[in-house]
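Observations on the three-dimensional arrangement
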Amino acid sequence: MTQGNGELDSLVRKRIRALRLAQGWSLDELAKRARLSPSTLSRIENGQRRLALDQLVTLARAMDTSLDQLVETATDDVISSPTIDASRQSMRWPIRADPGMTVVRQRVTNPPPDSPSHLRAHPGREWLVVLSGTATLLLGNRRFRVETNQAAEFPTMLPHAIGTEDGPCEVLGIFDRDARRGHHSGRTDDDTSRGPQ
């Protein structure tokens, strides 16, 4: 969707004000952080002053965001459908804002491996939440019971695997690019105990 200059201008002004309020900052506080006068900031937010690129860059930094995020307008692709892998009982969604990230939902049916040689280690980080059932997370020499609605986050350089405890479980995982790549390589089709991928 292409927005006219007036629509983009209005959107950016609203976004500046919304970000300021979300942080709980007054006009004075954001103005101080951005090295602007409070009256200049007020006029920017209210459309009484022209938006200048240098001020937008300064405001983006002061609000700990980027200029791209401040002026982003693409909202057409809000909804996405998963890629389904029936053989692994999994669904995968890419995160458009960060192409290196992937969300995976998987039904895990096997217990974790009983041999440390089956644990995997690779660069990256993983975050997972158990949606139903109970999972067992093996992490190095430790064993964790992860119950419904509990989450786990860990660096994947630790040898790890996930399996079920007392029946199947549904797991939702978020993988960075390195973690996703590490799970994708070297996995056999009959191995569902190494976690979502």
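Summing up its helical and strand segments, the chain has six helices and seven strands in all. Across the chain, helices and strands are ordered from the amino to the carboxyl terminus as α-α-α-α-α-β-β-β-β-β-β-β-α. Across the 197 residues of the chain, 37% fall into the buried class. Roughly 11500 Å² of accessible area belongs to the chain as shown, and the carbon and sulfur atoms make up 49% of that amount.

All right, on to the pairing of strand β4 (residues 125-139) then. Bridge analysis of β4 against strand β6 (residues 151-155) gives five bridges, and the strand direction is antiparallel. Paired with R125 across the two strands is P155, which belongs to β6. Here twelve bridges tie β4 to strand β7 (residues 160-175), and the two strands are oriented antiparallel to one another. Considered in β7, the bridge of T136 is made with G163. Here β4 pairs with strand β5 (residues 142-147) via six bridges, running antiparallel. Each residue of the ladder has a partner; that of A135, found in β5, is V146. Hairpin connection of β4 to β5: two residues between the antiparallel strands, including G140 at a positive phi of 65 degrees.

What follows is about helix α4 (residues 53-62). Turning to α4, its buried residues are Q55, L56, L59, A60 and A62. Around the axis of α4, the buried residues are gathered within 160 degrees of arc, so they sit on the same side. Set apart from the buried face of α4 by more than 90 degrees, the exposed residues are L53, D54 and R61. A positive backbone phi angle near 55 degrees is found at D64, which sits one or two residues after α4.

A word on the confidence of the model for the chain. With 86% of its residues at a pLDDT of 70 or more, the chain shows a mean pLDDT of 83. Residue range residues 186-194 is modelled with pLDDT below 50. Its contacts to residues more than four positions away, or to other chains, number 26 contacts.

Let's shift gears to the side chain of E170. Tracing the backbone shows E170 in strand β7. One polar contact links E170 to R105, side chain to side chain, over a distance of 3.3 Å. Excluding anything up to four places from it in sequence, E170 contacts R105, Q106, R107, V129, V130, L131 and S132.

Under the defined criterion, the tally for this structure stands at ten salt bridges. Linking R33 and E29 is a salt bridge whose minimum nitrogen-to-oxygen distance equals 3.4 Å. Of this pair, R33 and E29 both sit in helix α2 (residues 27-34), four residues apart, roughly one helical turn. For D85, the salt bridge goes to R88, with nearest N and O atoms at 3.5 Å.

Calculation notes
- Residues numbered from 1 in each chain as written.
- Predicted model: local features only at pLDDT ≥ 70, side-chain atom pairs only at ≥ 80, totals over all residues.
- Heavy atoms only, no water.
- Helix = DSSP H or I, 4+ residues; strand = E, 2+ residues; numbered from the N terminus.
- Buried < 20%, exposed > 50% of the residue type's maximum accessible area, 1.4 Å probe, protein only.
- Areas by Shrake-Rupley, 256 points an atom, 1.4 Å probe, with all protein chains shown as cover.
- Pairing = 2+ DSSP bridges.
- Arc of directions from axis to C-beta.
- pLDDT = per-residue confidence, 0-100.
- Contact = heavy atoms within 4.5 Å.
- Polar contact = N/O pair within 3.5 Å; in protein donor to acceptor, adjacent residues only side chain to side chain.
- Salt bridge = Lys/Arg side-chain N within 4 Å of Asp/Glu carboxyl O.

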